[in-house]
Amino acid sequence: MKIGVIGIGAIGSFFGGSLKIMNADISLILRNVKQKLLIEQKGILIKRNNEEKIVFPKVFLVDEVNFNFDLILLLTKTTDSVEALNSIKHIINTKTILM
């Protein structure tokens, strides 16, 4: 299952990183070039169960994504949800599950 995460703050980073640890086919969808470069270079630190792990999920800018996902996790702030969904409408189809 192809999973995309949009809204890569604390919650999006945690869920995206945790799914990567579980070997899910996960991609982070970003609007910020600097944030993308930072994640590509340093990864995401996940702290769970008294353990720390740095993971390197796939990261894409919104305009770089040209394929569809089976599931998209919308983890933005409520005030950003409409703008975020509009920015990814080109990758949403009738089979895409939005959460």
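Check the entry above for the structure.
Numbers given for residues are sequential positions, taken from 1 along each chain in its written order. For this predicted model, a pLDDT threshold of at least 70 governs which residues receive local features, and a threshold of 80 or more governs which side-chain atom pairs are given and counted, while totals over whole chains, interfaces and linings are taken from all residues. Derived side-chain values reflect all non-hydrogen atoms in the structure, with water molecules and hydrogen atoms excluded from consideration.

Structural notes on the pattern of salt bridges
Part 1 of the reasoning: Should a side-chain nitrogen of Lys or Arg be within 4 Å of a carboxyl oxygen of Asp or Glu, the pair is scored as a salt bridge. Enumeration according to the criterion identifies six salt bridges in this entry.
Part 2 of the reasoning: Across the salt bridge formed by Lys36 and Glu64, the nearest N and O atoms sit 3.2 Å from each other. Of the two residues, Lys36 sits in helix H2 (residues 33-42) while Glu64 sits in the loop between strand S5 (58-61) and strand S6 (71-74), which places them 28 residues apart along the sequence.
Part 3 of the reasoning: The rule is simple: take the accessible area with a 1.4 Å probe, protein chains only, and divide by the maximum for that residue type; under 20% is buried, over 50% is exposed, in between is partly exposed. Using a relative accessible area of 12% as the deciding quantity, one classes Lys36 as buried.
Part 4 of the reasoning: Taken together, the shared-partner salt bridges connect Lys2, Asp25 and Lys58 into one network. Secondary structure counts use DSSP, requiring at least four H or I residues in a row for a helix and at least two E residues in a row for a strand, with both numbered from the N terminus.

Topic: a nonpolar patch on the surface
Part 1 of the reasoning: Residues enter patches when they are more than 30% accessible in relative terms and free of salt bridges; like-charged ones are connected within 9 Å and nonpolar ones (Val, Leu, Ile, Met, Phe, Trp, Tyr) within 5 Å. In this description, accessible areas are obtained by the Shrake-Rupley approach with a 1.4 Å probe, and a residue is regarded as covered only by the protein chains that are shown. Taken together, the side chains of Met1, Ile97 and Met99 present a nonpolar region at the surface, about 360 Å² in accessible area.
Part 2 of the reasoning: Counting through the fold element by element, Ile97 comes out in strand S7 (residues 97-98).

Details of H2
What sets the pattern is the α-helix's 3.6 residues per turn: residues three or four places apart point alike.
Part 1 of the reasoning: For this analysis, a polar contact is any N or O atom pair within 3.5 Å, provided that within protein one partner can donate a hydrogen and the other can accept it, and provided that sequence-adjacent residues contribute only side-chain to side-chain pairs. Of the residues that open H2, the one with a side-chain oxygen 2.8 Å from the backbone nitrogen of Lys34 is Asn32.
Part 2 of the reasoning: Positive backbone phi, at 75°, marks Gly43, one or two positions downstream of H2.

Section: the nonpolar core
Part 1 of the reasoning: Here, nonpolar core refers to any group of buried Ala, Val, Leu, Ile, Met, Phe, Trp, Tyr and Cys residues whose side-chain atoms link them within 4.5 Å. Counting 15 residues, the largest nonpolar core has Leu28 and Ile39 as the members making the most contacts within it.
Part 2 of the reasoning: Ranked by residues supplied to this core, first place goes to strand S2 (residues 25-30) with three residues.
Part 3 of the reasoning: Residue contacts are counted whenever heavy atoms from the two residues lie within 4.5 Å of one another. When residues no more than four places from it in sequence are discounted, the contact partners of Leu28 are Val5, Ile8, Gly16, Ile39, Ile44, Pro57, Lys58, Val59 and Phe60.
Part 4 of the reasoning: Listed in part, the 10 residues of the second largest apolar core include Ile6, Ile29, Val65 and Phe69.

Brief notes about the pairing of strand S1 (residues 2-6)
Part 1 of the reasoning: Across the five residues of S1, four count as buried, placing the element largely inside the fold.
Part 2 of the reasoning: A pair of strands is considered paired only if DSSP assigns at least 2 bridges between the two. Examined bridge by bridge, S1 and S2 share five bridges and lie parallel to one another. Residue pairing for S2: Ile3 is matched across the bridge by Ile26.
Part 3 of the reasoning: Here is how to tell: hold the view so the strands point away, follow the path from the first strand over the helix to the second, and if it runs clockwise the crossover is right-handed. Handedness of the β-α-β unit built from S1, helix H1 (residues 10-21) and S2 comes out right-handed.
Part 4 of the reasoning: Pairing analysis gives four bridges linking S1 to S6, with the strands arranged parallel. Within S6, the position partnered with Ile3 by the bridge is Leu71.

So yeah, pure geometry; function would need other evidence.
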